[in-house]
Amino acid sequence: MGLPALWARVKALADRVDATSAAAVVWLKRPPWAFQVWWATWEKVRRCFALVEDFERSTLRRRYDFVARLRPDLWFFGAPPPLAAIFPPSAPRGVAFAAGVVGSFRRAEAANDHVAWASRDAAPEYFRLVDALAAGDDFREMLDYGGTWLLWRMRNRSVPVAAPTPLAPYTVARACDGAAPGLAVAVECYRWRVDEARRTAS
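What comes next is a walk through the structure. (Residues numbered from 1 in each chain as written. Predicted model: local features only at pLDDT ≥ 70, side-chain atom pairs only at ≥ 80, totals over all residues. Heavy atoms only, no water.)

## Brief notes about the overall build of the chain
Inference 1: Tallying secondary structure elements over the chain gives 9 helices and 5 strands in all.
Inference 2: Helices and strands in the chain line up, N terminus first, as α-α-α-β-β-α-β-β-α-α-α-α-β-α.
Inference 3: For the chain, the proportion of contacts with a sequence separation of at least 24, taken over those separated by at least 6, is 73%.
Inference 4: For the chain, the accessible surface area stands at approximately 11,400 Å², while carbon and sulfur atoms represent 57% of it. (Helix = DSSP H or I, 4+ residues; strand = E, 2+ residues; numbered from the N terminus. Contact = heavy atoms within 4.5 Å. Areas by Shrake-Rupley, 256 points an atom, 1.4 Å probe, with all protein chains shown as cover.)

Shown next as structure tokens:
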């Protein structure tokens, strides 16, 4: 979808839900390309899940037990927790988000677009988020809740969310040169440089 068509859809959806909250106003003040990147990312997530479904039907002849989503720019400096720890037998199987070095670090319960594990039954609710938004579902809530919307969406759809948020040893591999002071990426780059200095010293 091109930028003009995407921006027209975003504005139309915003008008349909009468998004006038403070958080929504902030969202709508963002430049059009920011929505294009965000929407395109979740459209890719949806298409990847469609490939999983096609493979299950055509080749595997059964469904996977779990489906994981990882951003392609992640760097793991250790093994992620095993599924048995993320979804213990005594807990309901739903969706688990990861807290790493960035984003939701040190939060007892958080969600971001970096890492997600989903049971196969719960996977469509996560991987097809963009379809719900395209239909106008929960768009006001997406605007209003901002960074906590993923959590709200899962709970609103009765999808169990793993808590506390599993800790995974990862960070996002972003360019550090020219990072503006005060941005999360600047904090991330500072942490990386400090850790690198410690590794070099040792």
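Having put the structure on the table, let's press on.
## Concerning the pattern of salt bridges
Inference 1: What the rule picks out here adds up to 12 salt bridges.
Inference 2: Here Glu 43 and Arg 47 are joined by a salt bridge, their closest N and O atoms 3.1 Å apart. One end of the pair is Glu 43 and the other is Arg 47, both in helix α3 (residues 32-60) and 4 residues apart, which spans about a single turn.
Inference 3: With its nearest N and O atoms 3.3 Å apart, the salt bridge here joins Asp 113 to Arg 71. Within this pair, whereas Asp 113 is found in the loop between β3 (95-97) and β4 (115-119), its partner Arg 71 is found in the loop between β1 (66-70) and β2 (74-76), the two being separated by 42 residues in sequence.
Inference 4: Each of the salt bridges in this network shares a partner with another, and the network as a whole consists of Glu 43, Arg 46, Arg 47 and Asp 131. (Salt bridge = Lys/Arg side-chain N within 4 Å of Asp/Glu carboxyl O.)

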